[in-house]
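Fold and contact review
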Amino acid sequence: MNLRHAVLPMLVALALPAVGAPAVAATRGLQPMDLATLDRYSSPTLSPDGRLLVLAKRVVDYDANKASSSLWIENLLARDAAPPVRLTPEGWNVNSPAFSPDGSTVYFLSGKSGSSQLYAIPAEGGTPRQLTDFALDVGGYQLSPDGQRIAFNVEAFLDCGSDLACSKDKLDAVEKDPATGVVYDRMFVRHWDAWSDGRLNRVFVAGLPDGDTPVTTAVAIATDVVGDVPSRPFGDSSEYTWAPDGKSLVLSARKSDRGEPWSTNFDLYQVSADGTGAAKNLTAGNPAWDTGAVFGADGNTLYYRAMKRPGFEADRLQLMELDLATGKHRAIAPAWDRSADSIVVSEDGETLYVTAQDTGEHPLFAVHVDSGGVTEIIGDGSIGSVQLENGTLAFTRNSMVSGAQVFVGGINGAPERAITPSAAEMLPEVGFGEFEQFTFTGWNNDTVHGYVVKPWNYEEGKQYPVAFLIHGGPQGSFGNGWSYRWNPQTYAGQGYAVVMIDFHGSVGYGQAFTDAISQHWGDRPLEDLQKGWKAAQDKYAFLDGDNACALGASYGGYMVNWIAGNWHTPSSGAWKCLVNHDGVFDTRMMGFVTEELWFTEWENGGTPWEVPENFEAFNPSRHVADWRVPMLVVHGQQDFRIPVSQGLGAFTALQRQGIESKFLYFPDENHWVLKPHNSVQWHDTVNGWLEQHLGQ
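Below is a summary of the structure that appears in this document. (Residues numbered from 1 in each chain as written. Predicted model: local features only at pLDDT ≥ 70, side-chain atom pairs only at ≥ 80, totals over all residues. Heavy atoms only, no water.)

Let us look at the sheet that holds strand 19 (residues 280-281). The strand order 16-17-18-19 describes an open sheet built from four strands, whose pairing is antiparallel. At either margin of the open sheet sits one strand with a lone partner, and together these are strand 16 (240-242) and strand 19. (Pairing = 2+ DSSP bridges. Helix = DSSP H or I, 4+ residues; strand = E, 2+ residues; numbered from the N terminus.)

Shown next, in the form of structure tokens:
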């Protein structure tokens, strides 16, 4: 079928608002149920000719307390600019789309067979065909350049080699064993929200079947690289990539050994695609993080991102170029003081399209490979999931007033065009709070940025109670983006104003600004928060500074604990209430019980026994005698980054002193609250706490 002007009539069209439809007057603000059940769009994937766009749509079945995703497709060159139509069948939960080299087939992962396997469906629509039937779940994959093979990752035991069934047999044997004890002789004992069972994320290669019989066997590659590929807990298949000739792959890995919990030394390895030969370490000279490898079109050049300082997870990720023939490394745009988050190479090889945090936003930049010149090309929010094929650019953008939308255009003179609806279009009755960025002079006389958000029903001349949100990380940012966990619009939707400060330690303002928080968790950021709160009140008369609560999670929760003992005098601004979600309560014990030790050891300048004074310098638990303000404490049992004992410690300190307090405990959540019903309960509990103390 000629797809240039096809409308794919056999598929179901994605509902989009009619162009020019009259606006519906807002009758309410954003509510927790809206946030939990809002459709989400992601994974824009272009066909090699740039004509077809596939994207994922996630919908929530709130009654079933689960979500599922489907794939939708649009012919970008159709004359009528029709909206995307459904590609995968009803009842299928799918992810990870990819096109065949000729654009005729779309691949994806699905658990339809009972385990996560690879499927294919014609781009013009039809019935999916199962391509793999491995003994283990496929976690991610990359299609070979010729479309004949896949590299894929599974959780497997190292001593099982290429035998995938061996790992399944081992797991079954453990399940049948009446003894449940597990003996460990090194860390990681547990990571993020899972206990170690001896498996690693491993990469295999398999040929795709010609007929209807799924492939069941594969070859393990990089067997001498003993480490998780992709990395845990958040790595994905972008951490390995095929060479253009299909003979090798490059992957990013950290050694899985005794020192792994305090190491950030990821290296790039080139490995044979047939599993033979030894892996070649391409970045052995850098003892810090190397990742995100992308080949140039000729296969002779590798672009990647690299940190310089071992042990620091928030160092600047600098753009690098590697000549594979000579082994020569070169920094691209070394003077650009931003940390690159992704790389897409232009077809002519002259430009890298790169996303990076920048002054409260996350734009797309064009970086000239030879000169190092940097130009912002797409901004106004947070840009992600960038794809470029045959001159067509696709990407996602979210902002403080919308979840991620899929767009095309933005380069080569093509106008930006939204393919999927915004939050406002999906929720026409909802009003969103207007927001504005402001600046003030903070610690060290540096310029510090913040955002203020008006309540959804703002009226000139009125004052409003305030939710003062403190971001985590601490090397993070609360800026012009959308979150499904900490979203300022949910507070604006309750009638509150919102203030957020990107204190020293935040990302997107230069590496020196980010570095400033290390070994200074309690002084420099606190100074910024205090000065920022005052500056916001001076600038925005609608903020009721005498009727405000401070809220934060992770480092933000730590800061809430720190504020409780160090920011409560009338002269510095009193808080009506506090909310501490998964916050550090005892920094000394945190150095022993967290799993990624490099974090606490970098942030405190060593181990708790080497520099005990550093761990105690800004320890909230030392100041509980000065706590006075009512606090809601939230914690998840499966949080191994900041274990639940930290939340229980804070709650005990509050209760023992008779301070008004509540403890919201989730036995089935990790550092984040993800399940739809739990998310609504979290928001309802937090909003109830604010209403109790602030009114509304």
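Attention now moves to the nonpolar core. Formed by 53 residues in total, the largest nonpolar core has its most connected members in Phe468, Val499, Leu543, Trp575 and Trp627. Per element, the largest residue contribution to this core is seven residues, and it comes from helix 7 (residues 555-566). Once residues lying within four places of it in the same chain are set aside, the contact partners of tryptophan 575 are Phe468, Trp533, Ala548, Cys549, Ala550, Ile563, Trp567 and Val629. By size, the runner-up hydrophobic cluster in this structure holds 27 residues, among which are Ala467, Phe478, Tyr496 and Met500. (Core = buried A, V, L, I, M, F, W, Y, C linked by side-chain atoms within 4.5 Å. Buried < 20%, exposed > 50% of the residue type's maximum accessible area, 1.4 Å probe, protein only. Contact = heavy atoms within 4.5 Å.)

We now examine the packing of aromatic side chains. Using the criterion set out here, one finds 39 aromatic pairs in the structure. Ring plane angle 15° and centroid distance 5.4 Å describe the contact between phenylalanine 234 and tryptophan 672, whose orientation is recorded as stacked. One end of the pair, phenylalanine 234, is in the loop between strand 15 (219-220) and strand 16; the other, tryptophan 672, is in the loop between strand 40 (661-666) and helix 12 (676-694), with 438 residues separating them in the sequence. The interplanar angle of 50° and the centroid separation of 5.9 Å between the aromatic rings of tryptophan 521 and phenylalanine 599 together place this pair among those described as tilted. (Phe/Tyr/Trp six-rings, centres within 6.5 Å; stacked < 30°, edge-to-face > 60°.)

A word on helix 12. Helix length check: helix 12, at 19 residues, gives a terminal C-alpha distance of 26 Å against a target of 27 Å (1.5 Å per residue), a fit within 8%. Residues of helix 12 that are buried: Pro676, Asn678, Ser679, Val680, Trp682, His683, Val686, Asn687, Trp689, Leu690, His693 and Leu694. Downstream of helix 12 by one or two residues, glycine 695 has phi in the positive range, about 85°. (Expected span 1.5 Å × (residues − 1).)

A few words on the packing of helix 6 (residues 524-539) against helix 7. Relative orientation of the contacting elements helix 6 and helix 7 amounts to 75°, with a least axis distance of 11 Å. As summarised for this structure, helix 6 and helix 7 are arranged roughly perpendicular, according to the angle between their axes. The segment helix 6 lies against helix 7, with Pro525, Leu526, Leu529 and Gln530 engaging Tyr555, Met559, Trp562, Ile563 and Asn566. By residue class, the composition of the contact of helix 6 with helix 7 is seven nonpolar, two polar and no charged. (Axes fitted to C-alpha atoms, helices over the stretch in contact; angles between N-to-C directions. Parallel < 35°, antiparallel > 145°, perpendicular 65-115°, else oblique. Nonpolar A, V, L, I, M, F, W, Y, C, P; charged D, E, K, R; others polar.)

Now for the pattern of salt bridges. The full count for this structure, using the stated rule, is 25 salt bridges. Residue lysine 534 pairs with aspartate 538 through a salt bridge whose shortest N-O separation is 2.9 Å. Of this pair, lysine 534 and aspartate 538 both sit in helix 6, four residues apart, which is roughly one turn of that helix. Take lysine 534: its relative accessible area is 53%, and that puts it in the exposed class. Each member of the salt-bridge network shares a partner with another, and the members are Glu155, Asp197, Arg199, Asp228 and Arg232. (Salt bridge = Lys/Arg side-chain N within 4 Å of Asp/Glu carboxyl O.)

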